[in-house]
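# Architecture and fold: a report
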Amino acid sequence: APELTIGCSPTSAQLTLEQVRALPTEAWKTVDPNAPFVDLAKAEWCRLQVSGADTLGAVVRFKVSSALIAPVATFYWPDVLRDDQGTQVGVETRSFGGARHPSVLVEARHTGQPIYLRFLTRSSPRGVLEAWGVSDFTARVRAEQSFEMAVMASMAVLGLMASLFAYQLGRRVLVYLCLWVISVIVLRVLESGLFTTWVSIEEDARRLLNTLSLTVAIAFSVVFSDRYLKLGDHFPRISRLLMALVLVLIGVGLLTVGQVTTHLRELYNALIILQFMLVGICALVLFHRGDEMARFFILGWSPVLVMSVVRTLFFLTPAPLPVWLEPLWQVTLLFAVFVLLLVTARATRDAEREMHVVRRAASHDALTGLANRASLFEALKSGMAKARTTRAPLSLLFLDLDHFKHVNDEHGHDVGDHCLRHFAATLQSRLRADDMLARLGGEEFVVLLPGVPLEHARKVSDDLRNVLSEHPLILGDLTCRMTVSVGVAALRDEDDAESLLKRADAAVYRAKAHGRDRTVLETVFDAPALSLR
Ligand SMILES: Nc1nc2c(ncn2[C@@H]2O[C@H](COP(=O)(O)OP(=O)(O)OP(=O)(O)O)[C@@H](O)[C@H]2O)c(=O)[nH]1
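Residues numbered from 1 in each chain as written. Predicted model: local features only at pLDDT ≥ 70, side-chain atom pairs only at ≥ 80, totals over all residues. Heavy atoms only, no water.

### As for the overall build of the chain
Scanning the chain from terminus to terminus reveals 16 helices and 16 strands. A total of 533 residues make up the chain; the buried ones form 49% of that total. The long-range share in the chain, meaning contacts at least 24 apart out of those at least 6 apart in sequence, stands at 75%. (Helix = DSSP H or I, 4+ residues; strand = E, 2+ residues; numbered from the N terminus. Buried < 20%, exposed > 50% of the residue type's maximum accessible area, 1.4 Å probe, protein only. Contact = heavy atoms within 4.5 Å.)

Below is the structure:
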């Protein structure tokens, strides 16, 4: 493997190439080859010397790895690389490895000579220089990129699933979530260098895209957090401040594009940290108050916040970055998306349950749980249509509890309610699966009997009345016996739902008039207009 000897210039003062070349070899501060860390705040130039038995004719790639990239750091780029004659040699600005693996290619013909490397920007205070044989370097970068691709593919899948849930829910907050996931994926693709491996792009344009995508990702993450935690309701001032900071961040982000000014970059990073801290504090306060949403938010986002701070600390300390930092950061982002997917899935499930409750309330009677008037009429219409096409009979029982007013008056409304529930349950237990028992209102019920002719319907009615008399409601010492008057009608060719129900109602009227607790069949006189035809 090629060996790299690195020397740092003795001063951070700006030196020309001529001055640098005039420096004696002893003036260069040697860097430990096992930890090839260069403090860029102290040295502007590096002197690189490649040696080793098999370096002649070999191609060597220097990896210049910067510190943090997102969301709290910037990276630098090697400016010029010159050989001893002062001519510029292979500087790969369209780098292999992208922002995370900026690299310069050094041809073998230069390896006998020292090479001087000057850093264009020094907003990042650290740098690590390593020399790799080309194949080793390629293998390592490819491995890192494969991991990165797997993480991003997983993020894309989780993000897509979350979008589907968000679409179902139609909630705008979840749309912000999806936009955040998409913007993070775009950012990671740009940073990873995968993008520049496929597409030729100018260095300035790449930097512009990186800054823009980072700004967009952070803006969406803040807007999403604000909407998700409903900060506008809980902390209106902080919410307004956050939105203002997002606008400032976008402005500062645009100003930093193409610039290497350290102060703007610092302001940009400070804004990001401030926003994250504000959101984090609000989430903690809400969590303390027992807010369910804040619980999930903290679960998914605290690792992201902690990792941001850890990266910042590593960035500030003058030591090489540990190898686990970048993969852990990616896994942390993936975990956050996963937790947010769980939240969207939960929200969808809750919304479906609510919908079910609302639908049931619209079609069922709250007291007895039976079908209500509206669903009775629907069932009646479809039952009548089916009976007509199959030429099958259809009968209807109209049931009205006898003297129910007395029950209420004597024992109270609660006992009355118990009676109604008991009545519904007792009847329901005797009916076939095809029959339908509905509560029309008050103490009036209807049983729909498909495939049952009038005479047989009378038997069903009597059977139901017998069951009712055999099973009175027992509430402690109280035994509540109920009787019911039933009118029976069967479907005729001319009938609609109303006329069928009316004839059964007329029969109930006669049952009441004849002393209650009985079944009365309809007569031809119950519908004189029709029977005259
Ligand atoms: N507990 C309870 N009572 C109800 C409910 N709906 C209607 N009622 C009562 O049912 C009674 C019906 O009284 P009426 O229409 O006079 O009929 P009735 O007392 O059953 O007498 P007949 O039908 O002539 O045998 C009223 O006292 C209503 O308040 C309910 O949901 N719960």
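### Examining the sheet that holds strand E15 (residues 484-490)
Reading across the sheet, the five strands line up as E11-E12-E10-E15-E16 and stay open at both edges, with mixed pairing between neighbours. Edge positions in the open sheet fall to strand E11 (436-441) and strand E16 (519-521), since each of these has one partner strand only. In this sheet, adjacent strand axes meet at a mean angle of 20° when their direction is disregarded. One ladder, built from five bridges, connects E11 with strand E12 (residues 444-450); its direction is antiparallel. The residue of E12 that forms the bridge with Leu437 is Val447. (Pairing = 2+ DSSP bridges. Axes fitted to C-alpha atoms, helices over the stretch in contact; angles between N-to-C directions.)

### What to know about the site of the ligand
Taken together, 17 residues form the shell around the ligand, and within it His403, Phe404, Lys405, Asp417 and Arg439 come nearest. Here an oxygen atom of the ligand sits 2.8 Å away from a polar atom, N or O, in the side chain of Arg439. One of the side-chain N or O atoms of Glu443 is found 3.3 Å from an oxygen atom in the ligand. Taken together, the elements giving at least two residues each to the shell around the ligand come down to strand E10 (394-401), helix H12 (404-411) and helix H13 (413-430). Ranked by residue count, the leading element in the shell around the ligand is H13, at four residues. Within the shell around the ligand, the residues separate by chemical class into four nonpolar, five polar and eight charged. (Near = heavy atom within 4 Å. Polar contact = N/O pair within 3.5 Å; in protein donor to acceptor, adjacent residues only side chain to side chain. Nonpolar A, V, L, I, M, F, W, Y, C, P; charged D, E, K, R; others polar.)

### Looking at the UniProt feature "transmembrane region" (unreviewed entry) in the chain
Taking the UniProt record as the reference, the feature "transmembrane region" (unreviewed entry) is found at residues 149-167, 174-196, 208-229, 241-261, 267-287, 296-316 and 328-345. Across residues 267-287, the secondary structure splits into 100% helix and 0% strand, with the terminal C-alpha atoms separated by 30 Å. (UniProt positions renumbered as here; feature names shortened; annotations may be inferred.)

### Here we look at the pattern of salt bridges
In total, this model carries 16 salt bridges according to the counting rule given. For Arg465, the salt bridge goes to Asp517, with nearest N and O atoms at 2.9 Å. In this pair, Arg465 is assigned in helix H14 (residues 454-470) and Asp517 in the loop between helix H15 (497-513) and E16, connecting sequence segments 52 residues apart. Judged by relative accessible area, Arg465 falls into the buried class, the value being 18%. Note that Asp495 is salt-bridged to Arg503, the shortest N-O span being 2.6 Å. Across the pair, exposure class does not vary: Asp495 and Arg503 are buried alike. (Salt bridge = Lys/Arg side-chain N within 4 Å of Asp/Glu carboxyl O.)

### Remarks on the packing of H12 against H13
Relative to each other, H12 and H13 sit at 135°, their axes nearing to 6 Å. Judged on the interaxial angle alone, H13 and H12 are oblique. For the pair H12 and H13, contact is made by Phe404, Val407, Asn408 and His411 and by His413, Val415, Gly416, Cys419 and Leu420, respectively. Taken together, the residues that form the contact of H12 with H13 break down as five nonpolar, four polar and no charged. (Parallel < 35°, antiparallel > 145°, perpendicular 65-115°, else oblique.)

### Observations regarding the packing of H13 against H14
In contact at an axis separation of 10 Å, H13 and H14 are set at 130° when each is read in the N-to-C sense. On the basis of the axis angle, H13 is oblique to H14. Judged by the sense of rotation from one axis to the other, the crossing of H13 with H14 is right-handed. In this structure, H13 contributes Phe423, Thr426, Leu427 and Arg430 to the contact, and H14 contributes Asp463, Leu464, Val467 and Leu468. When grouped by side-chain class, the residues that make up the contact of H13 with H14 number five nonpolar, one polar and two charged. (Left-handed = near helix turned anticlockwise from the far one by under 90°.)

### Focus on the side chain of Asp365
In this structure, Asp365 sits in the loop between helix H10 (325-363) and helix H11 (373-390). Judged by its relative accessible area of 16%, Asp365 falls in the buried class. Reaching out from Asp365, the side chain makes a polar contact with the side chain of Thr368 at a distance of 2.5 Å. Here Asp365 is in contact with Leu370, Ala371, Asn372 and Arg439, once residues within four sequence places are set aside.

### What about the side chain of Ser395?
Tracing the backbone shows Ser395 in strand E10. Looking at Ser395, its side chain comes within polar contact range of the main-chain oxygen of Pro453, at 3.5 Å. Not counting residues within four places of it along the chain, the set of residues in contact with Ser395 comprises Val447, Leu448, Leu449, Val452, Pro453, Leu454, Ala457, Ala489 and Ala490.

### Re the environment of Phe296
Here Phe296 shows up in helix H9 (residues 292-316). You can call Phe296 buried: its relative accessible area is 14%. Spatially, the C-alpha atom of Phe296 lies 8.9 Å from that of Leu342, the residues being 46 residues apart in sequence. Residue contacts for Phe296: discarding those within four places in its chain leaves Tyr228, Val339, Val343 and Arg346.

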